[in-house]
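Listed here are the chains, written in short residue letters.
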Amino acid sequence: MNIIGHLDMDAFYAAVEERDHPEWRGVPLVVGADPQEGRGVVATANYAARRYGIHSAMPITRAWALAEAARRRGEPETVFITPNFRRYAEISRRIMALIRGQVPLVQEVGIDEAYLDLSFCPSFGRARELCQTIKEEIKAREGLTASVGLGSNKLVAKIASDFQKPDGLTVVRPGEAEDLLAPLPIRKIPGVGPKTEEFLARRGIRTVADIKRFSPEDLEGLLGKWGLALYDKARGRGSATLRAAREPKSIGEQETFAADTGDLEFLFERLWAMCRGVLASLPKEGFRTFRTVVVTVRFADFKTHTRSHTLPQPVNSWRVLQFEAMKLLMPFLDRRENPQRKLIRLLGVRLEKLGR
Ligand code: DCP
Ligand code: MG
């Protein structure tokens, strides 16, 4: 039996900012372009700001106008902030690693959502329990909420995860999908964008149930191949095959120094710090061992060189990493790789040939 889960973080960027800045909790919050610049859009808004009608992809000037209108009505003032993508990506990686710790086959889609193949669970009930555990773990470790949908394919799971946002968990058993979808606006079907929506609305098609009145040939006539796909989607039919997980091939850190340097003590101190960093990242990304160590050096003239060493066996050892990284860096510090004694601008360490 196919059991597919879809997990989507709630108001992701805004939730991260609220968590990191307690003074913003519960305050209407818009993450996106700078409203003073007058260009660009909203990336996301928290639920308090959504009450003002602000949403993703809306021009930032429009969001500003809605926030101002609310303020004049005497409602709480809205905070506008620009996104910190590196932070969101880092948290996303941790959440995905946490999911992978519980579910062997995961397909990440975008920064805050993933499909989970839960077919190894004996029943929808057990899959539900597992998803509840994952949600609780994300809340405990990251202080963030996620919404999860369960269905017998990706289409149904995705629609289900949206059903009880935020902090939702919606199970759609195989026989229930068609009835659940029927009353929904067609826009809820992934792939139906504003253009298709308008095109179909002009023909009186607004809900999924409306689509079901048409034969496959009718829909093909209207929309081509996509019409045939829509015929199936309207009936809750879809693929339950997850694309094999894209795995990081390497884990690395690098640092550009405030000033170019030839200070050995400083360089080794930074090298050890990066080695500690990558070694700590290994389990977080779901790996146990490495075989290859790569050291990157960029000189003051921007010429960049790497040296690497592959060990005969997979290891997970601070001592080995420290020793190998040192051996790789040394030649850059003397005549062997640096006859002109150039200063160093950037240093990096990377682990490859990772093992679980
Ligand atoms: N995002 C963006 N531009 C968009 C849509 C989204 O930059 N047009 C970013 C900001 C979101 C993140 O991607 O926080 C995840 O997108 P979602 O569509 O899942 O939106 P949210 O997680 O913010 O809200 P929801 O609770 O509805 O999932
Ligand atoms: Mg989301």
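Definitions and cut-offs
- Residues numbered from 1 in each chain as written.
- Chains lettered and ligands numbered in written order.
- Predicted model: local features only at pLDDT ≥ 70, side-chain atom pairs only at ≥ 80, totals over all residues.
- Heavy atoms only, no water.
- Pairing = 2+ DSSP bridges.
- Helix = DSSP H or I, 4+ residues; strand = E, 2+ residues; numbered from the N terminus.
- Contact = heavy atoms within 4.5 Å.
- Core = buried A, V, L, I, M, F, W, Y, C linked by side-chain atoms within 4.5 Å.
- Buried < 20%, exposed > 50% of the residue type's maximum accessible area, 1.4 Å probe, protein only.
- Axes fitted to C-alpha atoms, helices over the stretch in contact; angles between N-to-C directions.
- Near = heavy atom within 4 Å.
- Polar contact = N/O pair within 3.5 Å; in protein donor to acceptor, adjacent residues only side chain to side chain.
- Areas by Shrake-Rupley, 256 points an atom, 1.4 Å probe, with all protein chains shown as cover.
- Nonpolar A, V, L, I, M, F, W, Y, C, P; charged D, E, K, R; others polar.
- Donors = N, O, S within 2.8 Å, 3.2 Å for Na, K, Ca; no water.
- Tetrahedral: all angles 85-135°; square planar, octahedral: opposite > 155°, others 65-115°.

**With respect to the pairing of strand β11 (residues 304-315)**
Where strand β10 (residues 290-299) lies against β11, 8 bridges are found, and the strand directions are antiparallel. For Thr292, the partnering residue across the bridge sits in β11 and is Thr310. Adjacent in sequence and paired antiparallel, β10 and β11 are bridged by 4 residues, among which Phe302 carries a positive phi angle near 75 degrees.

**A word on the side chain of Arg19**
Here Arg19 lies in helix α1 (residues 12-20). Setting aside residues up to four positions removed in sequence, Arg19 forms contacts with Arg25, Arg87, Ile91, Glu142, Gly143 and Leu144.

**Concerning the nonpolar core**
Counting residues in each nonpolar core, the largest one holds 37 residues, and the members touching the most others are Leu7, Phe12, Ile99, Leu118, Ile134, Ile138 and Leu144. If you list the elements that add at least two residues to this core, you get β1 (4-9), α1, β2 (29-32), α4 (85-100), β6 (113-117), α5 (124-142), β7 (146-151) and β8 (169-171). Ignoring sequence-local partners within four residues, the contact set of Ile134 consists of Leu7, Leu98, Ile99, Gln102, Val103 and Leu116. Membership of the second largest hydrophobic core comes to 30 residues, among which are Val278, Val293, Val297 and Phe332.

**Here we look at the sheet that holds strand β3 (residues 42-45)**
If you trace the 3 strands from one edge of the open sheet to the other, you get β3-β2-β4, paired in mixed fashion. Looking at the sheet topology across the chains shown, the edges are occupied by β3 and β4 (79-81). Averaged over neighbouring strand pairs, the angle between their axes works out to 20 degrees when direction is ignored. Across the sheet, α1 is in contact with β2, β3 and β4; its angle to β2 comes to roughly 120 degrees.

**Some thoughts on the site of ligand 1**
Residues in close proximity to ligand 1 total 14 residues, the closest being Ala11, Thr44, Tyr47, Arg50 and Asp112. Contact distances for ligand 1 include 3.4 Å between a nitrogen atom and a backbone N or O atom of Ala43. In this structure, Lys165 approaches ligand 1 through a side-chain N or O atom, which is 3.0 Å from an oxygen atom. In the complex, the protein chains occlude 70% of the 550 Å² of accessible area that ligand 1 would expose alone. When contributions to the shell around ligand 1 are tallied by element, the ones reaching two or more residues are β1, α1, β3 and α2 (47-50). The residue inventory of the shell around ligand 1, partitioned by class, reads 7 nonpolar, 2 polar and 5 charged.

**Topic: unusual backbone geometry**
The peptide bond linking Lys165 to Pro166 adopts the cis configuration, its omega dihedral lying at -5 degrees. Structurally, Pro166 is set in the loop between α6 (154-161) and β8. For Phe302, which is not glycine, the phi dihedral falls at a positive 75 degrees. Relative to the elements of secondary structure, Phe302 occurs in the loop between β10 and β11.

**Some points on the coordination of the magnesium ion (ligand 2)**
Bound to the magnesium ion (ligand 2) are the protein donor atoms Asp8 (OD), Met9 (O) and Asp112 (OD), situated 2.0 to 2.2 Å from the metal. One way to put it: the 6 donor atoms around the magnesium ion (ligand 2) meet at angles of 81 to 178 degrees, and that makes the site octahedral. Along the chain, the residues that donate to the magnesium ion (ligand 2) are spaced as D-M-x102-D. Of this pair, Asp8 sits in strand β1 while Asp112 sits in the loop between β5 (106-109) and β6; the two residues are 104 residues apart in sequence, bridging distant segments of the chain. Each member of the pair, Asp8 as well as Asp112, is classed as buried.

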